[in-house]
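Architecture and fold: a report
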Amino acid sequence: MTEPLLHVTGLTTELGDPTRPARVVDGLTLDIRPGETFALLGESGCGKSMTALSLMRLLPPSGRITAGSVQLGGTELLSLTEAEMRQVRGGRMAMIFQEPQTSLNPVLTVGTQIGEAVRLHQGETRQRLGAERAVELLRAVGIPDPEQRLNEYPHQLSGGMKQRVMIAMALAGDPRLLIADEPTTALDVTIQAQVLRLLKAVQSANGLAVLLITHDLGVVAETAERLAVMYAGQIVETAPVAEFFAQPLHPYSRHLLESLPDAGKRGRRLAVIPGRVPPLDTPFQGCRFVERCPAAIKRCRLEAPEWRAFSDERGVRCHLAELDAAGVSSRPVSDRTDSPTPEPLSPTSDPNSPPSDTPTETAQVPLLTMRGLQVHFPIHQGVLRRVVGHVRAVDGISLDLYAGRTLALVGESGCGKTTAGKGLLQLVPPTGGSVRYRGQELIGLSHRRLRPFRKDLQIVFQDPFASMNPRMLVGDILGEGLQALRLAPKRAERMRRVAELLELVGLDPESADRYPHEFSGGQRQRLCIARALAVEPRILVCDEPTSALDVSVQAQILNLLKDLQERLGLAYLFITHDLSVVSYLAHEVAVMYLGRVVEHGRVADVLDDPRHPYTRALLSAVPVVDPEQRRQIIRLEGDMPSPRHPPSGCHFHPRCPEAIEVCRHHYPVETRLGSTRRVCCHCVDVGVATQTNGDSKIRS
Amino acid sequence: MPLIPVVLWTDALVFLLLAVTALFAVWAARHEHLRAPWRRVVRSRIGVATLVVLSAYAVVGLLDTVHFRLKLDRADESGEVRYAPEVLSLLDLALSGLRERQEKTYSAPFATHLHAKEALDQPDGTVIRDYPRLQHGGAHLADPERDRAWDIAWRSLIGLVQGLILWALLAAGLVWWLARRHGQPFDAVRNRILKGQTQIPWRTALGTLGLVLVLAFVIGELALKYHVLGTDKVGEDVLYQALKSIRTGLLIGTLTTLIMLPAAILLGIMAGYFRGWIDDLIQYLYTTLNSIPGVLLIAATILMLQVYMSNHADEFASLVERADLRLLFLCLILGVTSWTGLCRLLRGEALKLREIDYVQAAQALGVGHFTIIARHILPNVMHIVLITLVLDFSGLVLAEAVLSYVNIGVDPTMNSWGNMINSARLELARDPIVWWSLAAAFLFMFTLVLAANLFADVVRDAFDPRLRGV
Ligand SMILES: Nc1ncnc2c1ncn2[C@@H]1O[C@H](COP(=O)(O)OP(=O)(O)OP(=O)(O)O)[C@@H](O)[C@H]1O
Ligand code: SF4
Ligand code: SF4
Ligand SMILES: [Mg+2]
């Protein structure tokens, strides 16, 4: 075994008031070897970022390290002076952050910022050498035209580019260890694939070790060699990645895996972890996971489990693992977690109801039809604010929504998904096309004339923290629609309905008298769903309702949405970028690129056999846990072009690996494959597709 | 009736302001998100200390806002009840001693003799030039040279003791009230306050209150027999002038914002929320207004008003009313020139808020535009309004001084720090120098502005979500 590069023992970090400190990192011990990728996995608020900041000694003013040791290549970092530490930071140990937008200084050019990093750590005093090295670094992180980029400002770069620049800056000091705190969370999947690939390449070229902090199990599975699972400030399990996914030991790890949505779990409910992470400023007596652990025994409440190492690589913090003398080989509670977990929040009677996948749409008329919807935003310029062009956010899309069925709208950020949803609801005025709800045209109706339709069309937003007025009581928030649409003009009646709604989404009716900030992200999302359901809509637009939530909480929301659909027959337009959610929840899927739908069809068809090159690339870029399902990643170069100036011909041609001459000049017409499948591509092979389509029909 | 009340325009507005504040307080008390920041304010030491000082100013200002005319002692021949033409305030009544004890001209603080030599008739018939004794200041002393220092010390001591007694009574009352509210024994509460262990820093509050009370009583005791801050050119007590100026300063600081607030809030939010042509219109309006120099606008208005007033002198019942109207116009015009800043801030914030998810959700629920503004936007910009209010206050108080100095401020007959400074301009050139008017104005204004600024900082820290890190 090689000597570890980073050797952390018993690291303990406290935050806040010394009399009542929050122990955000508690006795953390880990080793990272040179050249390996070590993943730190955990839900939000479990102390991952604080661990990284403690290692860098960059804690906020209220934080302090109270115990432990951090050795980097034999040097004890915790006893260095601040000046010495500054040499280490960015020198032997560098860090990249989650938000590329906020980690670059907006008023300095990229070249200046990289040059600064270079000078700081290599003592290069001459400007020219700094610039040369900067170009070299930018090239190393795969930025085209590095010479030109040097003179650009951060706002001229896309998110992925910024993250590349951040990586370039981190590499400036030629570090041995790179700490990456959620480096790709803010990025799209195709860009995420680029950045992860870049990290890998950089790593093998320079032999540096990476501490990858993330909450995304797929990313871990694809990039890391070893991992540690963190819960409430402690490491609860460490394992080599392959072993972990084959056989997680800690109940918490097992639940995380269970709660991942995918196609295989379609008919079933997802496992959820009830409750939430306990506050870290309370003293713990027993196991920290005990309130949420279905496998808990009596001892768990009384006694905190000790760390138990099975080998160098594997260890777990759980009484059950300790009891089990045989160690790794057996899974003491596996049977319990396989059965559907008791779901206290579920309003439905039968959690095992059969999948509502059976195609019923042939007999149905669509509830809502959208034809050629266009939303163009004018670009104003100059003193007179003349219109100089348009942002074609949504440029002619056609969709049908059926009662009781879910249409997923997927695509990368900026492709116009949200605008399409808002255009459907007339929250942004569409500039063209038609939206007919039960035969009635909605576009062009005035604020007042729209009101009768408001009741039937509702929306749930992405960010549960921004979607409720922090100044209003939950009861008033949920009752707002009832009041505005005069469905329940009397307050008492409204409050009764609110109590019912809270019950429906699995919350305590008492919640009506509380403020939104008293709820966790998942609970808030339930409240938002309740608000939308208050007016008894027929169609619900869900705009990335789970992307701000943790995996275990996401499972709760997905279960809830599924239940509600079964009970109330709602039609969902489910906007998302997460394809595993799509495969779990949706019936049909439409893939959007730059304001247009490029492929549309039933979920099984599209996900199993993508026909459009973009769909294929998108699917291949999604990190998946199961190595057998992993596809060869199709490299997509560059970023999505701006919808201000879409490329000529097929919008995808500058990035398309299969582009042919005609793609540069003509936008492909829609090709129908079978009765439900539509693809926009010059190269799609009609004959083969119909056949596979037929196959999959037989299969389903 | 021994008096008839007189409600000047500005008085009415002050009462309106008080009512609005009271309503806001009741409303805030019921909403946790409003109560929490205020709680943070009163839990800060600087917060309570400045609050005590500001309240002292406010009490003086309010006393000076209740106006009336006294009944004349003698009815006239027809037997009709007659009222004095002079409009007085409660403060005038309380300070009637100071008001009536006029000297001939300048005298220094605590002086017993005038500041200027005069020809004096000696008992033996000769005439010499010397500093004459004051009619009131130190008139009770037989030999001022010898007795004055002792007399001042003695009176200060009496004032000190009186102040301390009153303070002790108030403090005991407070402790008793706290003890009853928390159901704890008197001693325990007292000890906690003394050790500074209470959540609201009562120790600081009581300390400041003690200081204010002692100062007030010592000065009050001394003012009975001396001109503590001297007298001005026409022999009027400078302390009296400085105290009367408090109302002017406070009014300028508060009424201006009260006047500009509705316009700023309404236009700012409307511009941001509705966008389009409404936004363009409002933006043009405030860009235009902003590009006219404020001083020019103020000068023009005040000069026009002056002309109007001198042409229609008979429309004003008294000098006080005339001065009051001018003050009101000054507030108005200051308001007109200063709403643009807040309006712009609110427009920006409304632009951001209209895109936020909960506003979109409300639109999706069919909530009307004005309900959305009132329910979702206004409460979420209130902290900006409040922070602007307290930050602007001291600026306006200082602006009054500057404007009066260049003669486009309040009426020259009205007591104001600006007017005091304005007249002190010439006095500084005299030999020996007359410094006390300027010093008094400076002292009073400085204390107020310092307290207001410190308070504004505390309020901003408590209300600004970014500073709170939430
Ligand atoms: N500046 C701070 N002051 C006080 N508490 C903080 C501060 N920063 C973080 N915390 C708390 O410390 C704990 C750990 O936070 P940390 O940011 O490490 O979580 P995380 O796992 O990285 O979450 P995420 O995935 O959301 O980034 C949380 O309970 C958080 O509320
Ligand atoms: S120690 Fe007990 S409560 Fe904790 S994870 Fe293990 S079984 Fe669950
Ligand atoms: S039309 Fe051409 S460029 Fe567009 S996706 Fe198909 S092959 Fe690629
Ligand atoms: Mg984090």
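What you see as residue numbers is a count from 1 along each chain, following the sequence as written. Here every chain gets a letter starting at A, and every ligand a number starting at 1, in the order they are written. The predicted nature of this model means local features are confined to residues of pLDDT at least 70 and side-chain atom pairs, given and counted, to a pLDDT of 80 or more, with totals for whole chains, interfaces and linings taken over all residues. For the side-chain quantities, the full set of heavy atoms in the structure was used; hydrogens and water were omitted.

What to know about the site of ligand 1
Residue and element names in this part refer to chain A. Each residue is tested against the molecule or strand, and it is near if at least one of its non-hydrogen atoms lies within 4 Å. Neighbouring ligand 1 are 13 residues; S44, G45, K48, S49 and M50 lie closest to it. Within 3.5 Å is the distance limit for a polar contact, defined as a pair of N or O atoms, with the added protein rule that one can donate a hydrogen and the other accept it, and that residues adjacent in sequence qualify only through two side-chain atoms. In this structure, an oxygen atom belonging to ligand 1 sits 3.4 Å away from a main-chain N or O atom of E43. One of the side-chain nitrogen or oxygen atoms of S49 is found 2.5 Å away from an oxygen atom of ligand 1. Note on areas: these come from Shrake-Rupley sampling with a 1.4 Å probe, and a residue is covered only by the protein chains present in the view. Alone, ligand 1 offers 640 Å² of accessible surface; in the complex the protein occludes 59% of this. For the shell around ligand 1, the element with the most residues is helix α1 (residues 48–56), which contributes 3 residues. Residue polarity is assigned by list, with Asp, Glu, Lys and Arg as charged and Ala, Val, Leu, Ile, Met, Phe, Trp, Tyr, Cys and Pro as nonpolar; anything else, Gly included, falls into the polar class. When the residues that make up the shell around ligand 1 are grouped by side-chain class, the tally is 6 nonpolar, 4 polar and 3 charged. For helices the rule is a DSSP run of H or I covering at least 4 residues; for strands it is a run of E covering at least 2, with both sets numbered from the N terminus onward.

A look at the site of ligand 3
Neighbouring residues of ligand 3: 13 residues in total, closest C650, C656, C663, C681 and H682 of chain A. Across the shell around ligand 3, the residue classes break down as 9 nonpolar, 3 polar and 1 charged.

Notes on the side chain of H115 of chain B
With respect to the element layout, H115 of chain B can be found in the loop between α5 (96–100) and β4 (118–121). Apart from residues no more than four positions distant in its own chain, H115 of chain B is found in contact with Y106, S107, Y131, P432, I433, V434 and W436 of chain B. Here, two residues are considered to be in contact whenever any of their heavy atoms come within 4.5 Å of each other.

Points about the sheet that holds strand β13 (residues 368–381) of chain A
Residue and element names in this part refer to chain A. What makes two strands pair is DSSP finding at least two bridges between them. Here 4 strands make up an open sheet; going across it, the order is β14-β13-β16-β17 and the pairing antiparallel. The open sheet has two edge strands, β14 (386–401) and β17 (440–441), and neither has a second partner. Bridge analysis of β13 against strand β16 (residues 432–437) gives 5 bridges, and the strand direction is antiparallel. Pairing of R371 across the sheet is with S434, part of β16. Axes here mean lines fitted to C-alpha atoms, for a helix over just the part in contact, with angles spanning 0 to 180 degrees between N-to-C directions. Each of β13, β14 and β16 is contacted by helix α15 (residues 417–424), which is oriented at about 115° to β13, the strand it contacts most.

Focus: the side chain of S404 of chain B
All names here are of chain B. Within the secondary structure, S404 sits in helix α14 (residues 369–405). Only 2.8 Å separates the side chain of S404 from the side chain of E400, close enough to count as a polar contact. The residues contacting S404, other than those within four sequence positions of it, are G409, V410, S416, G418, N419 and N422.

Considerations on the UniProt feature "domain: ABC transporter" (unreviewed entry) in chain A
UniProt positions are given in the numbering used here, feature names are shortened, and annotations may be inferred rather than shown by experiment. As recorded in UniProt, the sites labelled "domain: ABC transporter" (unreviewed entry) are residues 6–257 and 379–619 of chain A. Across residues 379–619 of chain A, helical content stands at 38% and strand content at 25%; the span's end C-alpha atoms are separated by 33 Å.

A word on the environment of H682 of chain A
Residues and elements named next belong to chain A. When you line up the elements, H682 lands in the loop between β24 (677–680) and α24 (686–699). Classification of residues uses two cut-offs on accessible area relative to the type maximum, computed with a 1.4 Å probe and protein chains only: under 20% is buried, over 50% is exposed, and between them is partly exposed. What makes H682 partly exposed here is its relative accessible area of 30%. Setting aside residues no more than four positions away along its own chain, H682 makes contact with I660, V662, C663, H666, Y667 and P668. A distance of 2.8 Å separates the side chain of H682 from the backbone oxygen of H666, its partner in a polar contact.

Brief notes about the sheet that holds strand β4 (residues 63–72) of chain A
By definition, the strands of a sheet pair up through backbone hydrogen bonds, in either a parallel or an antiparallel sense. Residues and elements named next belong to chain A. Here we have 4 strands laid out as an open sheet, ordered β2-β1-β4-β5, and antiparallel in their pairing. The sheet terminates laterally at β2 (22–32) and β5 (75–76), the two strands that pair on one side only. As paired elements, strand β1 (residues 6–15) and β2 share 7 bridges and run antiparallel to each other. Residue pairing across strands places T13 opposite V25, the latter belonging to β2. Packed onto the sheet, α1 meets β1, β2 and β4 and runs at close to 110° relative to β1.

A short note on the pattern of salt bridges
Once their charged atoms are close, side chains differing in charge can pair, the charge on each being opposite to the other. Residue and element names in this part refer to chain B. Any carboxyl oxygen of Asp or Glu that lies within 4 Å of a side-chain nitrogen of Lys or Arg is treated as forming a salt bridge with it. Summed over the entire model, instances satisfying the criterion amount to 52 salt bridges over all chains. Among the salt bridges present, the one from K104 reaches E118, with a minimum N-O distance of 3.1 Å. Residue K104 is found in the loop between α5 and β4, and its partner E118 is found in strand β4; the two are separated by 14 residues along the sequence. Taking the relative accessible area as the measure of exposure, K104 reaches 52% and is therefore exposed.

A few points about the packing of aromatic side chains
Working definition: rings of Phe, Tyr and Trp (its six-membered ring) pair if their centres are within 6.5 Å, and the pair is stacked with planes under 30 degrees apart, edge-to-face with planes over 60 apart, and tilted otherwise. Scanning the entire structure with this criterion turns up 15 aromatic pairs over all chains. Among the aromatic residues, those joined into a cluster by ring pairs are Y231, Y252 and F289 of chain A. Over the face of the ring belonging to Y584 of chain A we find K562 of chain A, whose NZ or CZ atom lies 4.1 Å from the ring centre. Positioned over the ring face of Y405 of chain B is R425 of chain B, at 4.8 Å from the centre of the ring. We call a charge positioned over a ring when the NZ of a Lys or the CZ of an Arg lies within 6 Å of the ring centre and within 35 degrees of the ring normal.

Comments concerning unusual backbone geometry
At A232 of chain A, a position not held by glycine, the phi torsion is positive, near 45°. Within the secondary structure, A232 of chain A is located in the loop between β9 (226–231) and β10 (234–240). A positive phi angle, near 60°, is found at F110 of chain B, a position not held by glycine. Relative to the helices and strands, F110 of chain B is located in the loop between α5 and β4.

Thoughts on the pairing of strand β5 (residues 127–130) of chain B
Each regular strand carries side chains that alternate between the two faces of the sheet. Residues and elements named next belong to chain B. Inspection of the sheet shows β4 paired to β5 by 4 bridges, in the antiparallel sense. Bridge pairing in β5 links E118 to D130. Here β4 folds back onto β5 in antiparallel fashion, the turn holding 5 residues, of which G125 has a positive phi close to 95°.

Re the interface of chain A and chain B
Contacts between chain A and chain B engage 27 residues on the former and 22 residues on the latter. Using a 1.4 Å probe, buried area is obtained as the accessible area two parts lose upon being combined, added over both of them. By the criterion of area lost to chain B, the three top residues of chain A are H447, R471 and E480 of chain A, representing 28% of everything that side buries. Here chain A is connected to chain B by 1 salt bridge. Counting every contact that joins chain A to chain B gives 13 residue pairs in polar contact (both at pLDDT 80 or more). Listed by contribution, the elements that provide at least two residues to the side of chain A that touches chain B are α16 (447–454), β18 (457–460) and α17 (474–484) of chain A. Looking at the side of chain A that touches chain B, the element that brings in the most residues is α17 of chain A, giving 4 residues. Looking at the side of chain A that touches chain B, its residues break down into 12 nonpolar, 7 polar and 8 charged.

Thoughts on helix α23 (residues 613–621) of chain A
Burial within α23 of chain A is extensive, with 8 of its 9 residues counted as buried. On its buried face, α23 of chain A is in contact with α8 (189–206), α21 (579–585), β21 (588–593), β22 (596–602) and α22 (603–608) of chain A.

Concerning the nonpolar core
Taken as a class, soluble globular proteins show a tendency for nonpolar side chains to be buried jointly. Residues and elements named next belong to chain A. The set of buried Ala, Val, Leu, Ile, Met, Phe, Trp, Tyr and Cys residues whose side-chain atoms join them within 4.5 Å is what this entry labels a nonpolar core. One finds L6, M93, L177, I179 and F245 to be the most contacted residues of the largest nonpolar core, which totals 67 residues. When residues of this core are assigned to their parent elements, the largest contribution, 6 residues, is made by β2. With residues near it in sequence (within four places) discarded, I179 still touches A52, L55, M56, M93, A94, M95, I96, L211 and I213. By size, the runner-up hydrophobic cluster in this structure holds 64 residues, among which are V428, I539, V582 and C650.

Notes on the packing of helix α6 (residues 144–182) of chain B against helix α8 (residues 202–223) of chain B
Helices that pack against each other are described as a pair by the angle of their axes relative to one another and the distance between those axes. All names here are of chain B. Contact pair α6 / α8: the axes reach a minimum separation of 7 Å and the direction vectors enclose 145°. Considering only the axes of α6 and α8, their crossing is right-handed. For the contact of α6 with α8, the per-class residue count stands at 18 nonpolar, 5 polar and 2 charged. Handedness of a helix crossing follows the sense of rotation of the near helix relative to the far helix, less than a right angle counterclockwise being left-handed and clockwise being right-handed.

Description of α15 of chain A
Residue and element names in this part refer to chain A. Across the 8 residues of α15, 7 count as buried, placing the element largely inside the fold. Here α15 has its buried residues at K417, T419, A420, G421, K422, G423 and L424. Where α15 terminates, the next one or two residues include Q426, which has phi positive at roughly 65°.

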